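So you can see what is in the structure, the chains are spelled out below.
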Amino acid sequence: MKENVAISVKDVGMRFNLNQEHVDNLKEYFIKLLKRNLKYNEFWALKGINFEVKKGERLGVLGLNGSGKSTLLKVVSGVLKPSAGKVQTRGVVAPLLELGAGFSPQYTGRENIYLYGAVLGYKKSFLDEKFDEIADFSGLGEFIEVPIKNYSSGMKSRLGFSIATIVEPDILILDEVLSVGDKKFRTKCEKKIMNMFDKGVTVLFVSHSLEQVQRLCNKAIILDSGRLVAHGAVDKVARIYKNMTD
Amino acid sequence: MDIKKYIKNFLNYKYLLYELVKKNIKLKYRRSYLGILWTLIEPLLTMMVLTLVFGTLFGRDDRTFPVYVLCGRLLFSFFSSSTKAGLKAVSGNAAMIKKVYVPKYIYVIASIISNFVTFLISLIVLVGVGIVLRVHPTIYILEAVFPVIILLVMSLGAGLILATLDVFFRDVEYIWSVATMLISYASAIFYPTDRVIGTGNAWVFDINPVYMCIANFRNAVLYGQPMNIVYCTRSAIVAVCLLAAGAILFYKNQDKFILHI
């Protein structure tokens, strides 16, 4: 991988086995095995994807529902291992995917900051130091000592966003997260993300809002049924996308 | 396979392991008035019940019978609760595993270690009961470390295997709960072994690695005599084999987990 490349995606394919019925117990498995009925419908959510994102570039990922956008983000962030091809990233990756989904409901906000922070790979000393900043940014006030199960969904995503963005990542992976919380918090989020942009972070951004992608990104790709159909400067790609969707 | 890279990766997640262990222990006792004290009260109460039923009602008046029962019960409940927690470690943390990359074995190790910690705490009860019933410790008490470590390795191996199987077949949970019941009856927890040996069925103990650990633990703690070397080596071999099998099975399948949970 070249020095100035932050994300390199080579020939990546992601295959899922779509069983008509989900076989997850032994009895069914053996009956089907004996009847030679273990059929899988192969489904490639991504196929032959090739692109590179240079350091400091902001790449928007466009595509209709089910075109493989989220799968692509999961492959890049390492949650999914591609069935074919290779993904390489350089530096600290901060994936902001479905914020707050990994919280422990019985734990308080404070405890979840440490737990979720540890999941994201932060050290304890780092979390001790940044705790006030995280709590402040989330704007939860005294709710920080209340179990998460009593939070509203907005509060959860605010806390998730605050924890995930406390590092200064080299690569930021955003999946529609700019729609969290109320207007006030959204503005705060955008400001924080813009701030990271200024520091030259590399971004992978998924959104359905073409306007948002044009505003935030300088490059874009279009996915259609798991294939890469366009790649280039954001305005050019946006025009193609408009023609596709109209 | 680059072993060094794996060790380094593991060390990076040391703090996560600590947080997960803390979470498992904390949440286990949250909202109970006595909290962590239950780790001590619960084995004490079961010991009393088992002594009452299998000691007094069966007409045994062995002074140290409660210690005998307690040794068996503490070790066995560590084995059964840690393997049961290990079994659910991957399928139960689906929400987390689907969102952020973390080496998945961390969840299994965390569930085994948190049960190990509560086991170590519950040993306080054994010390207390031992003093009250005037069990005289000898130098051989130090050998208690061996069966405990062997059992830990065994649980980890079994946990990795069960966690992998449970991802693909949820039946494993029910099968394992019956299997642990069988192992518990074959581990001489609340009955003296001579009854079984007397009927010519000593083989039950000779093939049960959990019993071998319990027997050596009793040798060290209760009887104050050197451990049974055959039991020790045999159970150690089983433990290492289970761990190796578990590690390989888990490693080979871990990339498929996410498609099934």
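See the structure printed just above.
For every chain, the first residue of its written sequence is number 1, and the numbers climb from 1 along that sequence. By the order in which they are written, chains take letters starting at A while ligands take numbers starting at 1. Reporting of local features is limited, given that this is a predicted model, to residues whose pLDDT is at least 70; pairs of side-chain atoms are given and counted only at 80 or more, and all residues count toward the totals for whole chains, interfaces and linings. With hydrogens and water excluded, all non-hydrogen atoms of the structure serve as input to the side-chain values.

## A short note on the overall build of chain B
Along chain B, the regular secondary structure elements total 12 helices and zero strands. Helix and strand assignments come from DSSP, with helices taken as H or I runs of at least 4 residues and strands as E runs of at least 2, each series counted from the N terminus. Overall, chain B shows an N-to-C arrangement of helices and strands of α-α-α-α-α-α-α-α-α-α-α-α. Here the globule rule is a power law, 2.2 Å times the number of residues to the power 0.38, and the radius of gyration is based on C-alpha atoms. Its C-alpha atoms give chain B a radius of gyration of 19 Å, within 12% of the compact-globule value 18 Å for 261 residues. Counting only C-alpha atoms and orienting by the principal axes, one finds that chain B spans roughly 60 × 45 × 35 Å. Each residue is placed in one exposure class: buried if its accessible area under a 1.4 Å probe, protein chains only, is under 20% of its type's maximum, exposed if it is over 50%, and partly exposed if it falls in between. Expressed as a percentage of its 261 residues, the buried residues of chain B come to 51%.

## A short note on the overall build of chain A
A count of helices and strands for chain A gives eight helices and nine strands. For chain A, the C-alpha atoms occupy an extent of roughly 60 × 50 × 40 Å along the three principal directions. Here chain A, with 246 residues, has 48% of them falling under the buried criterion. Contacts were defined at the residue level, with two residues in contact if any of their heavy atoms lie within 4.5 Å. Put simply, 73% of the contacts in chain A that link residues at least 6 apart link residues at least 24 apart. Here, Shrake-Rupley sampling with a 1.4 Å probe gives the accessible areas, and only protein chains in the shown set may cover a residue. Carbon and sulfur atoms make up 49% of the accessible area of chain A, which totals about 12,100 Å². When charges are counted, Lys and Arg are positive and Asp and Glu negative, with His and the chain ends excluded. Positions of charges follow a simple convention, taking NZ of Lys, CZ of Arg, CG of Asp or CD of Glu. When the 37 basic and 28 acidic side-chain charges of chain A are each reduced to a single mean position, those positions are 5 Å apart.

## Some details on the nonpolar core
With 131 residues, the main nonpolar core has Leu159, Ile163 and Leu172 of chain A together with Val90 of chain B as its most contacted residues. Residues Ile7, Val9, Phe51 and Leu59 of chain A belong to the second largest nonpolar core, which totals 27 residues. Throughout, nonpolar core names a set of buried Ala, Val, Leu, Ile, Met, Phe, Trp, Tyr and Cys residues whose side chains join them through atoms within 4.5 Å.

## Points about helix α3 (residues 109-119) of chain A
Judged by how many residues are buried, α3 of chain A sits mostly within the fold: 10 of 11 residues are covered. Along α3 of chain A, the residues that are buried comprise Gly109, Glu111, Asn112, Ile113, Tyr114, Leu115, Tyr116, Gly117, Ala118 and Val119 of chain A. Where the residues of α3 of chain A are buried, they touch α4 (124-138) and α5 (153-164) of chain A together with α2 (14-29) and α5 (94-99) of chain B. Just downstream of α3 of chain A, Gly121 of chain A is the residue with a positive phi angle, here 90°.

## A few points about the environment of Glu42 of chain B
Residue and element names in this part refer to chain B. Inspection of the secondary structure assignment puts Glu42 in helix α3 (residues 38-56). Residue classification places Glu42 among the partly exposed positions, given a relative accessible area of 40%. Along the primary structure Glu42 and Ser122 are separated by 80 residues, whereas in three dimensions their C-alpha atoms are 9.0 Å apart.

## Observations regarding a nonpolar patch on the surface
A contiguous nonpolar patch, built from Tyr33, Leu34, Leu37, Trp38, Leu45 and Met48 of chain B and spanning about 680 Å² of accessible area, is present on the exposed surface. As for its position among the elements, Trp38 of chain B is in helix α3. Residues enter a patch when their relative accessible area is above 30% and they make no salt bridge; the linking distance is 9 Å between like charges and 5 Å between nonpolar side chains (Val, Leu, Ile, Met, Phe, Trp, Tyr). Take a side-chain nitrogen of Lys or Arg and a carboxyl oxygen of Asp or Glu: if they are within 4 Å of each other, that pair is a salt bridge.

## Notes on the interface of chain B and chain A
The interface is formed by 29 residues belonging to chain B together with 35 residues belonging to chain A. Counting each side, the surface lost to burial between chain B and chain A is near 2,700 Å², with a carbon and sulfur contribution of 64%. The salt bridge partner of Arg30 of chain B is Glu111 of chain A, with a shortest N-O separation of 2.8 Å. In the analysis that follows, any N or O atom pair within 3.5 Å is treated as a polar contact, provided that within protein one partner can donate a hydrogen and the other can accept it, and provided that, for residues neighboring in sequence, both atoms belong to side chains. Linking chain B with chain A are five residue pairs in polar contact (both at pLDDT 80 or more). Two parts placed together each lose some accessible area under a 1.4 Å probe, and adding up what both lose gives the buried area.

## Overview of helix α6 (residues 183-198) of chain A
Structural remark: α-helix, 3.6 residues per turn; residues separated by three or four positions point the same way. Residues and elements named next belong to chain A. For a helix, the expected span equals 1.5 Å multiplied by the residue count minus one. Helix length check: α6 (16 residues) gives 22 Å between terminal C-alpha atoms against 22 Å at 1.5 Å per residue, within 8%. What α6 keeps buried is the set Phe185, Cys189, Lys192, Ile193, Met196 and Phe197. Each buried residue of α6 sits inside an arc of 150° when the element is viewed along its axis, so together they form one side. Opposite its buried face, α6 presents the exposed residues Lys183, Lys184, Lys191 and Asp198, each directed more than 90 degrees away. A positive backbone phi angle near 85° is found at Gly200, which sits one or two residues after α6. Directions from the helix axis toward the C-beta atoms define the arc.

## Notes on the side chain of Lys69 of chain A
Position of Lys69 of chain A relative to the elements: it lies in helix α2 (residues 69-77). What Lys69 of chain A contacts, discounting residues up to four positions off in sequence, is Val61, Leu62, Gly63, Leu64, Val206, His208 and Leu223 of chain A.

## A look at the state of the cysteines
Sulfur atoms of two cysteines make up a disulfide when they are within 2.5 Å. By the definition in use, this model includes zero disulfides over all chains. Cys189 of chain A carries a free sulfur, and the closest cysteine sulfur to it, the one in Cys217 of chain A, is 16 Å from it. Cys213 of chain B carries a free sulfur, and the closest cysteine sulfur to it, the one in Cys232 of chain B, is 8.0 Å from it. By relative accessible area, Cys213 of chain B is classed as buried at 1%.

## Observations concerning the pairing of strand β3 (residues 58-63) of chain A
Residue and element names in this part refer to chain A. Extensive coverage of β3 is indicated by the burial of five of its six residues. Strand pairing is assigned whenever DSSP detects at least two bridges linking the two strands. For β3 and strand β7 (residues 202-206), the ladder comprises four bridges, and the chain directions are parallel. What sits directly across from Gly60, in β7, is Phe205. Here β3 runs beside strand β8 (residues 219-224); their pairing, made up of five bridges, is parallel. Bridge assignment links Gly63 to a residue of β8, and that residue is Leu223.

## Some words on the pattern of salt bridges
Residues and elements named next belong to chain A. Counting across every chain of the model gives 14 salt bridges over all chains. Its salt-bridge partner being Lys124, residue Asp128 comes within 3.3 Å of it at the nearest N-O pair. With Asp128 and Lys124 both in helix α4 and four residues apart, the pair spans about one turn of that helix. Asp128 sits in the partly exposed class, given a relative accessible area of 39%. For Lys124, a relative accessible area of 34% gives the class partly exposed.

## A word on the packing of aromatic side chains
Any aromatic ring pair is given by two values, namely how distant the centres are and how the planes are angled relative to each other. By convention, a stacked pair of Phe, Tyr or Trp rings (six-membered ring in the case of Trp) has centres within 6.5 Å and planes under 30 degrees apart, an edge-to-face pair has planes over 60 apart, and any other such pair is tilted. The tally for this structure, following the rule as stated, stands at 23 aromatic pairs over all chains. Ring centres of Tyr122 of chain A and Phe126 of chain A lie 5.4 Å apart, and the angle between their planes is 75°; this geometry places the pair in the edge-to-face category. Ring geometry for Phe76 of chain B and Phe79 of chain B: centres 6.2 Å apart, planes at 50°, overall tilted. Highlighted residues: Phe76 of chain B and Phe79 of chain B, both in helix α4 (residues 65-87), separated by three residues, approximately one helical turn. Pair check on accessibility: Phe76 of chain B and Phe79 of chain B agree, each one buried. Among the aromatic side chains, those forming a connected cluster through ring pairs are Phe54, Phe58, Tyr185, Phe190 and Tyr191 of chain B.

## Regarding the packing of α5 of chain A against α6 of chain A
All names here are of chain A. Every angle, taken between N-to-C directions, lies between 0 and 180 degrees, and every axis is a line fitted to C-alpha atoms, over only the stretch in contact when it is a helix. Here α5 crosses α6 at 15°, and the two axes come no closer than 12 Å. Relative to α6, the element α5 is oriented roughly parallel. By crossing handedness, the relation of α5 to α6 is classed as left-handed. Every residue of α6 that contacts α5 at Arg158, Phe161 and Ser162 is listed here: Phe185, Cys189, Lys192 and Ile193. The labels follow the angle: roughly parallel below 35 degrees, roughly antiparallel above 145, roughly perpendicular from 65 to 115, and oblique for the rest. A clockwise turn of the near helix away from the far one marks a right-handed crossing, whereas an anticlockwise turn of less than a right angle marks a left-handed crossing.

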